[in-house]
Each structure stands twice: as C-alpha cells, then as structure tokens.
Amino acid sequence: MFAKLLKYDLKKQIKVFLIFDGLALLFAILARLLTGNNIAFVDILGKIFAGAMWAMAINSIVNTIIRSWANFSHSLYGDESYLIHTLPVKTSTIYWSKVLTVIIIFLMNIFAMVIGVVITYGDAELSDLFLQLIQTGAALFGMTELGFVGTFAALLFFEALTMIFAGFAGNIIGHKFNNR
C-alpha cells in the first residue's frame, strides 16, 4: 500500500514541478545560445534568459517546500482526508509517503537546477572561478574539494528538509487540538 500512496502523491505533485524544471532547462539552453554574442541586444536577451533560468530553478525549490506543506494539510486534514483516513494503512505509512515524495521531488529539482547552471555557465572562465571558490573553501575548512562540496550540498539539503519537516510538525500539532 505504501507504493500506491507514493505513486499517488508523486503523480499529484510532479506535474507542476516538471513545468518549472522544463522551463528552467529551456531558459538555460536559450541563455547559453544567446550569451556571449557580439550583438548587444542578443547578449542582453541571453542574460535575461539566464535570470529566468535562476527564477524558475529557485521557484521550483520554494514551491517544493510550500506545496509539500499544502499537500500534507489538504490530504490529511482537508477534503481529501476522508479518503486517506479510510485506507487500511497506519498513519506512519501515510507520513512516510509524504516525506519520501518531498525528498524525491526536491532531489529532482536540485538536479534540474544543477543541470541548468552547467548549461548556462559551462564556459571555462566561470568553471575556473567555481573551482577556485571550492579550493578556497576546502582549504579554509581543512577538507578535500570533494568533501567540501559534499558537505555543503548535504548541509543545504538537510536544512531544506528541516524546514519541510518543521512545517509538517506544525501542521500535525496544530490539528491535534482541532477545536476551531
């Protein structure tokens, strides 16, 4: 039953994020094609598309957090709650389905964002700048470059999950005393 709950939640939420991620990748490709051109107008359009790529990428991350809270609230305490609570599953299974859905969509959005940044800024000059920043950060903390990038990525991921889980916990605690 867990797999069916997970499939239902993913189908329900992934439609929106495929649009954001697709637009981010489209804008990244357009920015890559138009940036660095000798014609000023075309170069400005490329920079506008690069900004639109960032807007879509950040929007997908923020929407992941907000939509996960809204979906959690609607499916457990809203109109859909009647259907969810009549299923022959434990409440913890429903919670795990919601959590795993958020993690999958969040990782998908991060992956699309990284691909968009690589497509948009994949030239050697910016790559050297990122490499220099990574080397400086790794030296500052006494780590290897890979360890620094992994630690930084894990830190951001777990911070976002903490925000999501705080919203879930607030929703559960707030509805525990359901006296209007």
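Below, the structure is looked at part by part. Everything numeric in this text was worked out from a predicted model, so none of it was measured. Residue positions are given per chain, counting from 1 as you read along its sequence in written order. In keeping with the predicted nature of the model, local features appear solely for residues at pLDDT of at least 70, side-chain atom pairs appear and are counted solely at 80 or more, and the whole-chain, interface and lining totals rest on all residues. Here the side-chain values reflect all heavy atoms present in the structure, with hydrogen atoms and water set aside.

### Overview of the layout of surface pockets
Threshold: Every definition here rests on a 1 Å grid over the protein atoms only: cavities are sets of points where a 1.4 Å probe fits but cannot get out, pockets are open sets enclosed by protein on both sides within 12 Å along at least five of seven lines, and lining residues have some atom within 4 Å of a point. Grid points are joined across faces, edges and corners, and a volume is the space filled by probe spheres set on the points. Strands here mean DSSP runs of E at least two residues long; helices mean DSSP runs of H or I at least four residues long; both are numbered from the N terminus. We call Asp, Glu, Lys and Arg charged. Ala, Val, Leu, Ile, Met, Phe, Trp, Tyr, Cys and Pro are nonpolar, and the rest, Gly among them, are polar.
Quantified by volume, the largest pocket comes out at close to 1100 Å³. Those elements that place two or more of their residues in the lining of the largest pocket are α2 (40-77), α4 (91-120), α5 (124-141) and α6 (145-176). Per-element tally for the lining of the largest pocket: the top contributor is α6, with ten residues. The class makeup of the residues in the lining of the largest pocket is 26 nonpolar, two polar and one charged.

### Here we look at empty space enclosed by the protein
If a probe as big as a water molecule is rolled over the atoms, it shows which places are left empty. Under the criterion given, the structure shown has one cavity of 30 Å³ or more. What the largest cavity holds in volume is close to 30 Å³. For the largest cavity, the full set of lining residues is Q13, S68, N71, F72, K98, T101, V102 and F168. Of all the elements in the fold, those that place two or more residues in the lining of the largest cavity are α2 and α4. When grouped by side-chain class, the residues that make up the lining of the largest cavity number three nonpolar, four polar and one charged.

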